[in-house]
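# Report on the structure
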Amino acid sequence: MMIKETQQAIDLVRWALNSYVKGLFDVPQPELTDLYFNEKSGVFVTLKKYGSLRGCIGIIQPTDILARNIITSTRNSALNDHRFPPVRSEEVDELEIEISILSPPKESKLEDIEIGKHGLIVEGGSLSAVYLPQVATEVGWTFDQWLDSLCDKANLPTSYWKEREAKFYTFTAQIINEKK
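A brief structural summary.

What counts, and where the lines are drawn
- Residues numbered from 1 in each chain as written.
- Predicted model: local features only at pLDDT ≥ 70, side-chain atom pairs only at ≥ 80, totals over all residues.
- Heavy atoms only, no water.
- Pairing = 2+ DSSP bridges.
- Helix = DSSP H or I, 4+ residues; strand = E, 2+ residues; numbered from the N terminus.
- Expected span 1.5 Å × (residues − 1).
- Buried < 20%, exposed > 50% of the residue type's maximum accessible area, 1.4 Å probe, protein only.
- Contact = heavy atoms within 4.5 Å.
- Axes fitted to C-alpha atoms, helices over the stretch in contact; angles between N-to-C directions.
- Parallel < 35°, antiparallel > 145°, perpendicular 65-115°, else oblique.
- Left-handed = near helix turned anticlockwise from the far one by under 90°.

## Some points on the pairing of strand β6 (residues 127–131)
Consecutive residues of a regular strand have side chains that alternate between opposite faces of the sheet. With five bridges connecting them, strand β5 (residues 119–124) and β6 associate as antiparallel partners. When the bridges of β6 are listed, E123 appears paired with S128.

## Comments concerning helix α1 (residues 6–20)
Spanning 15 residues, α1 covers 21 Å between terminal C-alpha atoms, matching the ideal 21 Å at 1.5 Å per step. Every buried residue of α1 is accounted for by Q8, A9, I10, L12, V13, R14, W15, A16, L17 and S19. Considering only its buried residues, α1 is in contact with β1 (42–49), α2 (66–79), β3 (95–102) and β8 (173–177).

## Quick word on the sheet that holds β5
What the four strands build is an open sheet, ordered β4-β7-β5-β6; its pairing is antiparallel. Each having just a single partner strand, β4 (106–108) and β6 make up the two edges of the open sheet. Geometrically, the sheet is characterised by an average inter-axis angle of 30° between neighbouring strands, direction not taken into account. Both β5 and strand β7 (residues 167–171) contribute to a ladder of five bridges, which runs antiparallel. By the bridge assignment, E123 is partnered in β7 with K167. On the sheet, helix α4 (residues 143–153) packs against β5, β6 and β7 and is oriented at approximately 130° with respect to β6.

## Here's the deal with the packing of α1 against α2
Look at α1 against α2: their axes get within 9 Å of each other, and the N-to-C directions meet at 50°. Relative to α2, α1 is oriented oblique. Along this stretch, α1 crosses α2, giving a crossing that reads as right-handed. Along the contact surface, α1 presents A9, L12, V13, W15, A16, L17 and Y20, while α2 presents A67, I70, I71, T74, R75, A78 and L79.

## What to know about the environment of P28
One can find P28 in the loop between α1 and β1. The class for P28 is exposed, based on a relative accessible area of 64%.

## Some remarks on the sheet that holds β8
Overall, antiparallel pairing links the four strands, which are arranged β2-β1-β3-β8 in an open sheet. The sheet terminates laterally at β2 (52–59) and β8, the two strands that pair on one side only. On average, each strand axis in the sheet is tilted by 15° relative to the strand beside it, whichever way the strands run. Of the strand pairs in this sheet, β3 and β8 are connected by five bridges, and their pairing is antiparallel. By the bridge assignment, L102 is partnered in β8 with A173. The strands that α1 touches are β1, β3 and β8; relative to β3, the one it contacts most, it runs at about 120°.

Read these as spatial facts, not as claims about activity.
This is the structure:
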């Protein structure tokens, strides 16, 4: 799993932001020459403004091709992340973009999970939550703090990850940061 033409991914996010937030629908979509854009792949688009999170939504299960998943995730990160008000058109040029292209998640045992390497999904009953691989190291969490926080994010008891019923799925990610 690798995008070689990483600038094309950034250009696609910028195009989606300009289309859906600024309403510039007459600008043609950037040309995507990297064949990986046509592969089914999960992706998260993270938007930051002056280093602070402004939106982060993605698609974990690769049900559509990467190009469409990037557009959908960009639109949702900008306009539908319930933690933040929708991005305003005047904010678009101030946003920093990070794209995480995901490997398919696979069920994993607790002892096989590596902080900083793996993205992690925890499931308990109908509740679940996900962290991208870079989150724990960016925040500076220990392994236990990472799993406590993930369970809390899923509205599970913080120590739920120690229970036998807890299910874990890991994935890796190619992370593309916009160079500003």
